[in-house]
Amino acid sequence: MRPSRAVAVHATLGAVSVVMLVPFYWVLKTSLTGENIFQYPPALLPRVMHPFYYVDVWYYIPFVRYVINSVIVSVIVVAANLVCNALAAYALTLRFRGKRAIVALLLSCMLIPFQATIIPAYLITKELHLLNSHLGLALPLCSTIVCIFVFKASFDAVPRSLIDAARIDGLAEWRIILHVMLPLSTSAVATTVILSFIWSWNSFLWPLIVIRNQEMQTLPLGLSTFLSYMENTTGALYAFCIMVLVPGVALFLLEQRRFIDGLTSGATKG
Amino acid sequence: MQSWSPFKPSTFAGLTHYQELFFYDEVFWKSLWNTVVFMSSSPIAIGLALALALLVDTRIRGRGVYRAIIFISYPLMTVAVGIIWRWLYDEKVGLINYVLLSLHLTQRRIAFLDSYEWAMPSVVVAAVWQIVGFFMVILLAGLQNIPPNLEEAAALDGASAGQRFRHITLPLLRPAIFLCLMIGVINSFTSFDLIYVMTGGGPNYATEVLITYIYRVAFVLSKFDYAAALTIVLFVFLLIVTAVANRLTGGEAGAVDAAE
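Residues numbered from 1 in each chain as written. Chains lettered and ligands numbered in written order. Predicted model: local features only at pLDDT ≥ 70, side-chain atom pairs only at ≥ 80, totals over all residues. Heavy atoms only, no water.

Trainee: I would appreciate a short explanation of the overall build of chain A in the present structure.
Mentor: Scanning chain A for helices and strands turns up 14 helices and 0 strands. For chain A, the sequential pattern of α-helices and β-strands runs α-α-α-α-α-α-α-α-α-α-α-α-α-α. Scaling as 2.2 N^0.38, a compact globule of 270 residues should have a C-alpha radius of gyration of about 18 Å, whereas chain A reaches 23 Å, well beyond that. Taken along its principal axes, the extent of the C-alpha atoms in chain A is 75 × 65 × 35 Å. Within the span of chain A, comprising 270 residues, buried residues form 49% of the whole. Sequence separation of 24 or more characterises 67% of the internal contacts of chain A that already satisfy a separation of 6 or more. Put simply, chain A shows about 13100 Å² of open surface, and 68% of that area lies on carbon and sulfur atoms. (Helix = DSSP H or I, 4+ residues; strand = E, 2+ residues; numbered from the N terminus. Rg over C-alpha atoms; globule rule 2.2 N^0.38 Å. Buried < 20%, exposed > 50% of the residue type's maximum accessible area, 1.4 Å probe, protein only. Contact = heavy atoms within 4.5 Å. Areas by Shrake-Rupley, 256 points an atom, 1.4 Å probe, with all protein chains shown as cover.)

Trainee: For this particular structure, what's the right way to read a nonpolar patch on the surface?
Mentor: Residues and elements named next belong to chain A. Among the surface-exposed residues, Val 55, Trp 58, Tyr 59, Val 64, Ile 68 and Ile 72 lie close enough to one another that they form a single nonpolar patch of about 600 Å² accessible area. Mapped onto the nonpolar patch, the elements with two or more residues apiece are α2 (52–60) and α3 (63–93). Assignment of secondary structure puts Ile 72 in helix α3. Assessed through its relative accessible area of 31%, Ile 72 is described here as partly exposed. (Patch = residues over 30% accessible without salt bridge, like charges linked within 9 Å, V, L, I, M, F, W, Y side chains within 5 Å. Salt bridge = Lys/Arg side-chain N within 4 Å of Asp/Glu carboxyl O.)

Trainee: Got a minute to help me understand the interface of chain A and chain B in this structure?
Mentor: Contact residues are listed per partner, giving 70 residues for chain A and 67 residues for chain B. For chain A, the biggest contributors to the area lost against chain B are Leu 13, Met 20 and Ile 119 of chain A; these three give 11% of the whole. In this assembly, chain A and chain B are joined by 0 salt bridges. Our count for the contact surface shared by chain A and chain B stands at 4 residue pairs in polar contact (both at pLDDT 80 or more). Mapped onto the side of chain A that touches chain B, the elements with two or more residues apiece are α1 (3–33), α4 (99–109), α5 (118–127), α10 (186–202), α11 (205–210), α12 (219–230), α13 (235–254) and α14 (256–268) of chain A. For the side of chain A that touches chain B, the element with the most residues is α1 of chain A, which contributes 16 residues. Of the residues in the side of chain A that touches chain B, the class split is 49 nonpolar, 14 polar and 7 charged. (Buried area = accessible area lost by both parts, 1.4 Å probe. Polar contact = N/O pair within 3.5 Å; in protein donor to acceptor, adjacent residues only side chain to side chain. Nonpolar A, V, L, I, M, F, W, Y, C, P; charged D, E, K, R; others polar.)

Trainee: Any chance you could explain the domain arrangement of chain B here in plain terms?
Mentor: Note on interface size: it is often stated as the accessible area lost on association of the parts. All names here are of chain B. Along its sequence, chain B is carved into domain 1 (1–39 + 209–251) and domain 2 (43–202). Once you take the C-alpha centre of each, domain 1 and domain 2 turn out to be 29 Å apart. Residue-level contacts link 19 residues of domain 1 with 19 residues of domain 2. Interface of domain 1 and domain 2: buried area, both sides summed, is about 1800 Å²; carbon and sulfur atoms make up 81% of it. Here domain 1 and domain 2 share 0 salt bridges between them. At the surface where domain 1 touches domain 2, the tally comes to 1 residue pair in polar contact (both at pLDDT 80 or more). (Domains from an automatic or database assignment.)

Trainee: Mind showing me how you'd approach unusual backbone geometry here?
Mentor: Where the residue is not glycine, phi is negative for most of them; where a peptide bond is considered, it is trans in most cases. Of note, the phi angle at Asn 132 of chain A is positive, near 65°, even though the residue is not glycine. The partly exposed category is assigned to Asn 132 of chain A, whose relative accessible area is 25%. Backbone geometry at Ser 222 of chain B places phi at a positive 60°, although glycine is not the residue there. Looking at where Ser 222 of chain B falls in the secondary structure, it is placed in the loop between α11 (210–220) and α12 (224–248). Note on Ser 222 of chain B: relative accessible area 28%, which makes it partly exposed.

Trainee: Please clarify how the pattern of salt bridges should be interpreted in this entry.
Mentor: Between side chains of opposite charge, pairing is possible as soon as their charged atoms come close. Taken as a whole and assessed by the stated rule, the structure comprises 3 salt bridges over all chains. Here Glu 173 of chain A ties to Arg 167 of chain A by a salt bridge, and the two come within 3.0 Å at their closest N and O atoms. By relative accessible area, which is 36% here, Glu 173 of chain A ends up partly exposed. With its nearest N and O atoms 2.7 Å apart, the salt bridge here joins Glu 208 of chain B to Arg 216 of chain B. The exposure class of Glu 208 of chain B is buried, given its relative accessible area of 1%.

Trainee: Which parts of the structure should I look at to understand the packing of α12 of chain A against helix α5 (residues 78–88) of chain B?
Mentor: A pair of packed helices is captured by two measures, namely the crossing angle of their axes and the spacing between those axes. Packing of α12 of chain A against α5 of chain B leaves a shortest axis separation of 9 Å and a crossing angle of 25°. Taken together, the axes of α12 of chain A and α5 of chain B are roughly parallel relative to one another. Across the interface between the two elements, Pro 220, Leu 223, Ser 224 and Leu 227 of chain A from α12 of chain A touch Val 79, Ala 80, Ile 83 and Arg 86 of chain B from α5 of chain B. Split into classes, the residues belonging to the contact of α12 of chain A with α5 of chain B amount to 6 nonpolar, 1 polar and 1 charged. (Axes fitted to C-alpha atoms, helices over the stretch in contact; angles between N-to-C directions. Parallel < 35°, antiparallel > 145°, perpendicular 65-115°, else oblique.)

Trainee: Explain α1 of chain A to me, please; I cannot follow it from the model alone.
Mentor: Of all the bends in α1 of chain A, the greatest, near 40°, is centred on Leu 21 of chain A, and the proline Pro 23 of chain A appears no more than four residues after it. Directly after α1 of chain A, the chain includes Gly 34 of chain A, whose backbone phi takes a positive value near 65°. (Bend = angle between axes of the 7 residues up to and from the residue.)

Trainee: When you look at the packing of α3 of chain A against α10 of chain A in this model, what are you seeing that I'm missing?
Mentor: Residue and element names in this part refer to chain A. Contact pair α3 / α10: the axes reach a minimum separation of 9 Å and the direction vectors enclose 145°. Judged by the sense of rotation from one axis to the other, the crossing of α3 with α10 is right-handed. Counting all contacts with α3, which are made through Ser 70, Val 71, Ser 74, Val 77, Val 78, Asn 81, Leu 82 and Asn 85, the residues of α10 involved are Val 189, Thr 192, Val 193, Ser 196, Phe 197, Ser 200 and Trp 201. Partitioned by chemical class, the residues of the contact of α3 with α10 number 8 nonpolar, 7 polar and no charged. (Left-handed = near helix turned anticlockwise from the far one by under 90°.)

Trainee: Hey, could you run me through the nonpolar core in this one?
Mentor: Considering soluble globular proteins, one finds that nonpolar side chains tend to be buried as a cluster. Formed by 145 residues in total, the largest nonpolar core has its most connected members in Leu 13, Leu 223 and Phe 240 of chain A together with Met 77, Ile 83, Phe 135 and Leu 139 of chain B. Mapped onto the domain boundaries, this core takes at least three residues apiece from domain 1 (1–39 + 209–251) and domain 2 (43–202) of chain B. Contacts of Phe 240 of chain A, omitting those with residues within four sequence positions, involve Val 57, Ile 61, Phe 63, Tyr 66, Leu 219, Gly 222, Leu 223 and Phe 226 of chain A. By size, the runner-up hydrophobic cluster in this structure holds 21 residues, among which are Ile 148, Ile 163, Ala 166 and Ala 188 of chain A. (Core = buried A, V, L, I, M, F, W, Y, C linked by side-chain atoms within 4.5 Å.)

Trainee: It is not clear to me how the environment of Pro 46 of chain A should be interpreted in this structure. Could you clarify?
Mentor: All names here are of chain A. Positionally, Pro 46 belongs in the loop between α1 and α2. Separated by 17 residues in the primary sequence, Pro 46 and Lys 29 place their C-alpha atoms 5.9 Å from one another. In this view, Pro 46 contacts Tyr 25, Lys 29 and Thr 33; residues no more than four positions away in its chain are not counted.

Shown next, in the form of structure tokens:
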């Protein structure tokens, strides 16, 4: 490539990167310096570091409570997704009557977004007396069709002969899944863990409907409640945002390759 | 179709809810229209993402870093993203107003999210900002699947860069573009978090979309029966849009190797 073109490409991508990063920079800067939000003109560069707003968050809201709730729900969701989807996918690799119909049903159900089923989901959760509980929060997210197909694709790639050998050696079906299939599908496992974690961690509409008291709120819900009684001119709100965003960003930076692959394969493998 | 709420015995309501919806409910029509407007943000995002994907696909240093930076907004919690944008758009303390004033692009401060005209475009910008990196990664994967010798052959035959893009890259990229379009459509029907946090559907229903309206009818006004009718309309509308999109793009991308 000619140098002049490389410079143009860098300039364009650099400008886009700035647009993508400015919101983060702005929030991070304000939350770390504890400066007055009403100050005009606002300081573009940070002057003094001060954890003032973070201390505020600590005293204003039950942050630990929110984190614990979010973590409990995410753990239930991730574990349930691994178990349910791996089992369902293994069943789909076997031959049985009506398999085509089941696959067709699953594929057509993928078109129905969760948001279109919130009313029946709410009524069912209510009948089960699971409103306002961790299990109720986790239940609708416990199996996702996309992940079933991610697992199925991976299981289909395992050589038949290997499975037959395991069967001849007298392995029970569940041990075939555990000791043959899953160790050979680490990337499907990673995809499922990443997708289900992100979905449950960020989930907002469902907790908004199901949760009634502050004790049970998860992080996104706590964030929106905080917004509703503090309004958006409180620095602590942004410190709270940063604290909520950190786990996601950290995970992304650590496992970038897997993360991008996982999130996009969740969309493409369907 | 039943008349039902937690406090009433259920009776069969026939089509009265649909009658009310289509003939008397102005907010319904407003929210349907807003959903369509909001949906139009996905072609914009896909166009931008395509340009970015082409740029990132060139052999330049640091393209991995660019890709990561552009992608990072996608997996983040939408509620937090909405709160951050709300602040950037703020009339008095927002960064965007400050920048516009400093550059003399505007004489007066604009109350983006509180004005009837600006609220929807503002929300659309935030939505595009969040999803553009995701589209870019999908399109990038599509670009990298195109065998390079095709382009080389065309270049040898004397095709210009524009011709190569139009006659080789674009047709081969069609499945990836279709996929983005599908995701964009479903996303615009379901993006509740961003709108709820940024505007709550206001001002004066300027940003009320079907999903925020359904939430309000069901869980604020406790009219489950009416909300269920709305949900049916949402779903049918989604099916129609999907079918049309499938038609327009030739339908080959929606094909998934189903059974075996």
